[in-house]
Amino acid sequence: MQTAVNIFSFHGGIHPPENKTQSLQLPLGRPSLPAELILPLGQHIGQSSRPIVEVGTKVLKGQPIAINNGFLSSFLHAPTSGTIEAIEPRLIAHPSGLSDLCIVLTPDGQDTWQDRTPLLDWQSIPHLDTLTFLGEMGIVGMGGAGFPTQVKLQGAHKHAIKHFIINAAECEPYITADDMLIREKTDALIQGIEVLQHLVQAEQVLIGIEDNKPTAIAALKQAIQARNSAIQVAVVPTKYPSGGEKQLIQLLTGKEVPSGQYPADIGVLCQNVGTCVAVHDAIYLGQPLISRFTTLTGDALGAPQNVEVLLGTPIEHLLDYAQADQKRIQRLVMGGPMMGFTLNATEVPIVKTSNCILAATAQELPTPEPEQACIRCGMCEQACPASLLPQQLLWFSKSQELEKAEHYNLFDCIECGACSYVCPSSIPLVQYYRHSKSTIRENREAAIKSDIAKQRFEARKARQEAEIAEKEAKRLARQQASTKKTTDKPAPTAAAPSKAAASPAAPISDDAKKLKIDVAIGKTKLKKLQKQLLAAQESEHLEEITALQLQVTDLEGTLAKQEAELAKLAPAPVVATKPAPATKAPVSDELKKAKVDVALIGVKLKKLQKQLDSEPDNTELQDKIKGFNSDLEAAQALVTKLSASEASPAPAEAAPSKTGLSDEAKKLKIDTAIAKAAVKKVEKALKKAEEIQSPGLETLRQQLKDAQQRADELEQALNNPAASASTAPAPSAATSADADAQKKRKVDLAIAKAGIKKAEKNIALLKEQGKDDSEIAASEWPQKLQEAQAKLEQLTHAQESR
């Protein structure tokens, strides 16, 4: 006498019309062989199977025609004997209505089996061997997504299984395939459960079945009693969706599977009754999974019934067998009315997870009403068996707030359709959830691909840096070897006293070598960071500029320390100096400076030219370019003059006088250049003043005259060094003091003008902000404007009085 099993409850659930009696009026049917069998390679969750046959191959019933293509995959076998007609894309049973790669088998009518080898010693061999055998027999879960059974059982070994539940609830309306299977193959079901229990080693085995299957319940209890088995039958109330895995677990154990976890994590494992019978056939009969029980139902069928059908049988063949009235078929559904999907073609085949074909009329499944606005009635929340908030999930799905939808446990939705069934606004809630789930999965895949691409890029970058460092190390090694060869040369003999011998170089330690490599790598990184910093400065990304500037500063400090340590560890080899050849005189500092000035002016001129190309009407840029062109010509002339003077040395007797006048000549040249630059600046200022009719025109003209006179005097002194030698001291001091005073006056004038502009600008800004005259007068800017104007007038008057 079995002890009663405690039955618990779960949140929500509905009671739609069952419509199960229609398909139980006739005995189990066995349709004839169709003209061809279409066998999709993806009849299970995970990777599709890999074909091992070719077109034209003759196969026997039960022979493997495709093998697993990875860990989460399964085998596929020929449902009958015949010839492989094609391996090509065909329409499959999928909501998308798309095609997939299929093996097309033409039966020969003989139905000849291959040699079958049952696994009769399953109790004595290792569990892993039994699982491998089940995988080769193509056994998958036959009540849901088609999860490969051997993979599910392997995962269960990671946890101690307390409850092993056999799902016989079959809660969805119209479907009676499991009910008929239990009636027809009760003993095979019990034996298959015993095999799985041997593999699982659970503390308790329960068969969960709804109370609307009295015949099947009686058959189960009788078979269990006859075998004196410890399996318990748990009869649960009829409520949809009690056949859901998590809902049945909660009904029988009172445990709730946490969000994001699997039943095995709480010590529970579930299997479908169809899977248990398939395990029996594989273990005891040596038969792979090549057929299944399927319900043919709906008011459009003349003979609704359950059939044992070969995998790959086209739906149209089964409709003809069940005497379908094509004119009355409003919708053809694979699965039940709650979780099934509409088929757009009758050429699609039966697969391992096809439990029902519903040929519904317009009265059975009328066209849904148009979607209306949500009225926030809360009925969907009351019906949800997963204790979710369907209304919130709908809003998040519509607004594409996918992160919030995930936070509200969107992936805990089992897509049972209970919320859509009770919705008074006819909102297709499940369709919204499915779309959001698929979008999230696509985003995750894209993120994974992006991460992989980033890793590949970083690995490539690291490899390139390593190659650069290796090249630098090799270069340093070659340099060291060259230095060593030089030091290893024999000392010069007395016959060659003019050549000085180099002192032996100190040997470079391993630490010094490593430091050299680190310095080379650091310099390379510093150049890259400086380029990135320049680009960030051009694009004005403040945060990026700050971060890069910190990195550059840190790296520069590190490099300075490394170079200081390197100088201590590896001092430069001391080599005896050789007398410098007298063929070429060294370039003077003045000529070097002149050449640098030419280069700098050329760079500035190029930048201004680029700006002028983008702003051709900018007169200010044109004036600047003219000024720089003049500066460039003067600098080039100076370089030419200095080069010529150095190329033709003075006579020997004039050398002392030249050496004595060199400092004075340098000073004269510098003063001349400054005076010429002052002339150009005053010319530019005068030109602008004339354009705007400034009141200080006379002052600027006088300044130009003084500057031009000063430049002419210096030019004459530079060209007449003899005359300037006697007259230079006195005028030089006076002229220098005058130049300093003139510079100070210019600076004061510029400051006064800038103060006027700033005050006027701020007063205009206050007016734009809507301030009245009293508010503007109360501010500091009118006072500052008056002060700046007074200062400018004072400076102008002082200049005119001079």
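Keep in mind it's a predicted model, so treat the numbers as computed, not measured. (Residues numbered from 1 in each chain as written. Predicted model: local features only at pLDDT ≥ 70, side-chain atom pairs only at ≥ 80, totals over all residues. Heavy atoms only, no water.)

1. Describing the sheet that holds strand β7 (residues 99–107)
Across a sheet, strands are paired by hydrogen bonds formed along the backbone, either parallel or antiparallel in direction.
Logical step 1: The strand order β1-β7-β6-β3 describes an open sheet built from 4 strands, whose pairing is antiparallel. For this open sheet the edge positions go to β1 (37–40) and β3 (58–59), each flanked by a neighbour on one side alone.
Logical step 2: The pairing of strand β6 (residues 82–91) with β7 spans 9 bridges and is classified as antiparallel. The residue bridging Ile-84 from the neighbouring strand is Leu-105, located in β7. (Pairing = 2+ DSSP bridges. Helix = DSSP H or I, 4+ residues; strand = E, 2+ residues; numbered from the N terminus.)

2. So, the packing of helix α1 (residues 127–136) against helix α7 (residues 273–285)
Logical step 1: Following both chains from N to C, one finds α1 and α7 inclined at 105 degrees, their axes separated by 10 Å at the closest point. In terms of orientation, α1 lies roughly perpendicular with respect to α7. Residues Thr-130, Phe-133 and Leu-134 of α1 form the contact with α7, whose own contacting residues are Val-279, Ala-282 and Ile-283.
Logical step 2: Tallied by class, the residues present in the contact of α1 with α7 amount to 5 nonpolar, 1 polar and no charged. (Axes fitted to C-alpha atoms, helices over the stretch in contact; angles between N-to-C directions. Parallel < 35°, antiparallel > 145°, perpendicular 65-115°, else oblique. Contact = heavy atoms within 4.5 Å. Nonpolar A, V, L, I, M, F, W, Y, C, P; charged D, E, K, R; others polar.)

3. Remarks on the sheet that holds strand β15 (residues 341–342)
Logical step 1: As summarised here, the arrangement of the 5 strands in space is β13-β12-β16-β14-β15, forming an open sheet in which the pairing is mixed. If you trace the sheet from one side to the other, it starts and ends with β13 (305–310) and β15, each paired once.
Logical step 2: In this structure, strand β12 (residues 291–297) lies alongside strand β16 (residues 356–360), joined through 3 bridges in parallel fashion. Among the inter-strand pairings, Thr-295 is bridged to a residue of β16, identified as Cys-356.
Logical step 3: Against the sheet, helix α3 (residues 177–184) engages β12 and β13, with an angle of about 125 degrees to β12.

4. A short note on the pattern of salt bridges
Logical step 1: Under the definition given, this model contains 19 salt bridges.
Logical step 2: Across the pair Arg-444 and Glu-406 runs a salt bridge whose closest N-O atoms are separated by 2.4 Å. Taken together, the positions of Arg-444 in helix α13 (residues 429–488) and Glu-406 in helix α11 (residues 402–407) put the pair 38 residues apart, joining distant regions of the chain.
Logical step 3: For Arg-444, a relative accessible area of 40% corresponds to the partly exposed category.
Logical step 4: With its nearest N and O atoms 2.5 Å apart, the salt bridge here joins Glu-472 to Arg-475. With a gap of 3 residues between them, Glu-472 and Arg-475 both fall in helix α13, about one helical turn apart. (Salt bridge = Lys/Arg side-chain N within 4 Å of Asp/Glu carboxyl O. Buried < 20%, exposed > 50% of the residue type's maximum accessible area, 1.4 Å probe, protein only.)

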